[in-house]
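Examination of the molecular architecture
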Amino acid sequence: MKVLITGSNGLLGQHLIPLFSKDSRYEVIATGRGANRLPNQDGYLYEPANLRDSSSVNQLLQKHQPDIVIHAAAMTQVDDCERNKDACWDCNVNATRYLLQAAEKSKSFFIFLSTDFVFDGLQGPYSEEDAVNPISYYGATKVAAERLVQNSHLSWSIVRTVLVYGIAADPKRSNIITWVKTNLEQGKKLKVVDDQWRTPTLVQDLAAGCKLVADKKATGIYHISGSETLTPYQMAVQTAGYFQLNPQLLEKVDAKTFTQPAKRPAKTGFVISKAVQELGYQPHSFEEGLQIVAKEI
Ligand SMILES: NC(=O)C1=CN([C@@H]2O[C@H](COP(=O)(O)OP(=O)(O)OC[C@H]3O[C@@H](n4cnc5c(N)ncnc54)[C@H](OP(=O)(O)O)[C@@H]3O)[C@@H](O)[C@H]2O)C=CC1
Ligand SMILES: Cc1cn([C@H]2C[C@H](O)[C@@H](COP(=O)(O)OP(=O)(O)O[C@H]3O[C@@H](C)C(=O)[C@@H](O)[C@H]3O)O2)c(=O)[nH]c1=O
C-alpha cells in the first residue's frame, strides 16, 4: 500500500516516516519543503514539494497514486499565523484543497491532522462531537480545512491532537520539554502559565495513533492526545524534576501577563475514549514521555 506523508521534515513527519517505513505492508513517499532533513534517508522515497503550488501537488499525486495520504504539513507557529494571515490561509487551507482535489483523482484515503485550537477553550476537555469555535487565526484555518476534508468525495479521517512534544532533527519550533530543558540548563528564568490546561501528546503516541487510523482506514474524527490534563507550569515542573534542573527558575504566571498576537484557548485537552475503544490507542503518561524523550536527546 502506498502512503504519501506531507510535512515529513516536521516533528510529527519525522516520526511517521520511520514508523510506516518499517512496516513492509507500506511503501512510503515522504514530502517536505526543500531538502530532506530526516537523519535516516533509507527505506522510503523523498519528494520535495511546496504544497502552496497546486501544479506541484497535482504532479506529485499523479506520479505516485497513493492509497493513503497523511496530510501533516501546516503553518504551525500560532503567532506567525496571526501576523501573516494570507500565508497561513495558503498553507493550511489552500494546500489542503489542492491535496484533496488531487487525492480525489487517485481515490486516496485522506488523513488530516488538526488541533485542539479548533475549540474556544471554555469547556474542555473536548470530545469529537463538541462544537468548534476557534479563537485564533491558526485555529480558524484548521476548521476551514476540516470542512474541506469533510465535504470531499473521499473516504477521510481527521486526527486532532494537543500540544505535541518530542525530539526532531533540525526542528523549526521548540516544544515544552526542549524549551524548558534548554533554558533551565542555561540558568535562565522562565515565566510559565498555570491557567491553561492541555493533554500533552508524546509525538510517538501521535504517530502510532495515525498509523492505527491508516491500518484500519478508520473514518471520522479522532481525538488523539495524552490522557493527563496538565498546565504548562505543571509540565515545566515535572520536566525540571526529571532532568534534575532548578525548579526555582520557573515562575508561575497567568496567561493574561503575556501579550502574544494570537489568543490561546484556556482549557482544552481531549477525551480520548473513542480512540482507545475503536482503535486500541494507548498513550504514555507524561512521566513515561519524559523518559522516552530523554533517551532520544
Ligand atoms: N506541534 C503541535 O503541538 C501540534 C500540531 N498539530 C498539527 O499536527 C501537524 C503536524 O505538526 P508538527 O509536525 O508538530 O508541525 P511542524 O511545524 O513541526 O511541521 C510542519 C511541517 O509542514 C511543513 N510545511 C509548511 N508549509 C509547507 C508548504 N507550503 N509546503 C510543504 N511543506 C510545508 C513545514 O516545512 P518546514 O519544516 O520547511 O517549515 C514543516 O516541516 C500539523 O498539521 C499541526 O497543525 C496539532 C496540534 C498540536
Ligand atoms: C512561549 C511561552 C509559552 N508558554 C506556554 C503557553 C502554551 O500553553 C505552551 C506552548 O506555547 P507555544 O507558544 O510554544 O505553543 P502554542 O502555540 O500555544 O501551542 C500550540 O501549537 C499549535 C501548533 C497547536 O495546534 C496547539 O495544540 C498548541 O500546542 O507554553 C508559557 O507558559 N510561557 C512562554 O513564555
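Residues numbered from 1 in each chain as written. Chains lettered and ligands numbered in written order. Predicted model: local features only at pLDDT ≥ 70, side-chain atom pairs only at ≥ 80, totals over all residues.

The name that an unreviewed UniProt entry assigns to the chain is dTDP-4-dehydrorhamnose reductase, with the source organism given as Chitinophaga sancti. According to the UniProt record, the Sequence similarities (unreviewed entry) comment for the chain reads "Belongs to the dTDP-4-dehydrorhamnose reductase family." The chain has a UniProt comment under Catalytic activity (unreviewed entry) that states "dTDP-beta-L-rhamnose + NADP(+) = dTDP-4-dehydro-beta-L-rhamnose + NADPH + H(+)". (UniProt positions renumbered as here; feature names shortened; annotations may be inferred.)

Remarks on the site of ligand 1
Surveying the vicinity of ligand 1 reveals 27 residues, the closest of which are Gly-7, Gly-10, Leu-12, Ala-73 and Ala-74. Class assignment for the residues of the shell around ligand 1 results in 13 nonpolar, 10 polar and four charged. (Near = placed C-beta within 6 Å. Nonpolar A, V, L, I, M, F, W, Y, C, P; charged D, E, K, R; others polar.)

Let's talk about the pairing of strand β2 (residues 27-32)
Counting buried residues along β2, five of its six residues qualify, which places the element largely inside the surrounding structure. Looking at chain direction, strand β1 (residues 2-6) and β2 are connected through five bridges and run parallel. Bridge pairing in β2 places Leu-4 opposite Ile-29. Regarding topology, helix α1 (residues 11-21) serves as the crossover connection from β1 to the parallel β2, and that connection is right-handed. Pairing geometry for β2 and strand β3 (residues 45-48), over four bridges, is parallel. Its bridge partner lying in β3, Gly-32 is registered against Pro-48. (Buried ≥ 20, exposed ≤ 12 C-beta atoms within 10 Å, placed from the backbone. Helix = DSSP H or I, 4+ residues; strand = E, 2+ residues; numbered from the N terminus. Pairing = 2+ DSSP bridges. Right-handed = clockwise from strand over helix to strand, strands pointing away.)

Let's talk about α1
Counting buried residues along α1, eight of its 11 residues qualify, which places the element largely inside the surrounding structure. Of the positions making up α1, those classed as buried are Leu-11, Leu-12, Gly-13, Gln-14, His-15, Leu-16, Ile-17 and Phe-20. Where α1 is buried, its residues touch β1, β2, β4 (68-71), β5 (109-115), β7 (164-165) and α7 (203-216). (Contact = placed C-beta atoms within 7 Å.)

Brief notes about helix α5 (residues 137-150)
Between the first and last C-alpha of α5 there are 20 Å, a value that for 14 residues agrees with the 20 Å anticipated at 1.5 Å per step. Among the residues making up α5, those that are buried are Tyr-137, Tyr-138, Gly-139, Ala-140, Thr-141, Lys-142, Ala-145, Glu-146 and Val-149. The inward-facing, buried residues of α5 abut α3 (78-83), α4 (85-106), β5 and β6 (156-161). (Expected span 1.5 Å × (residues − 1).)

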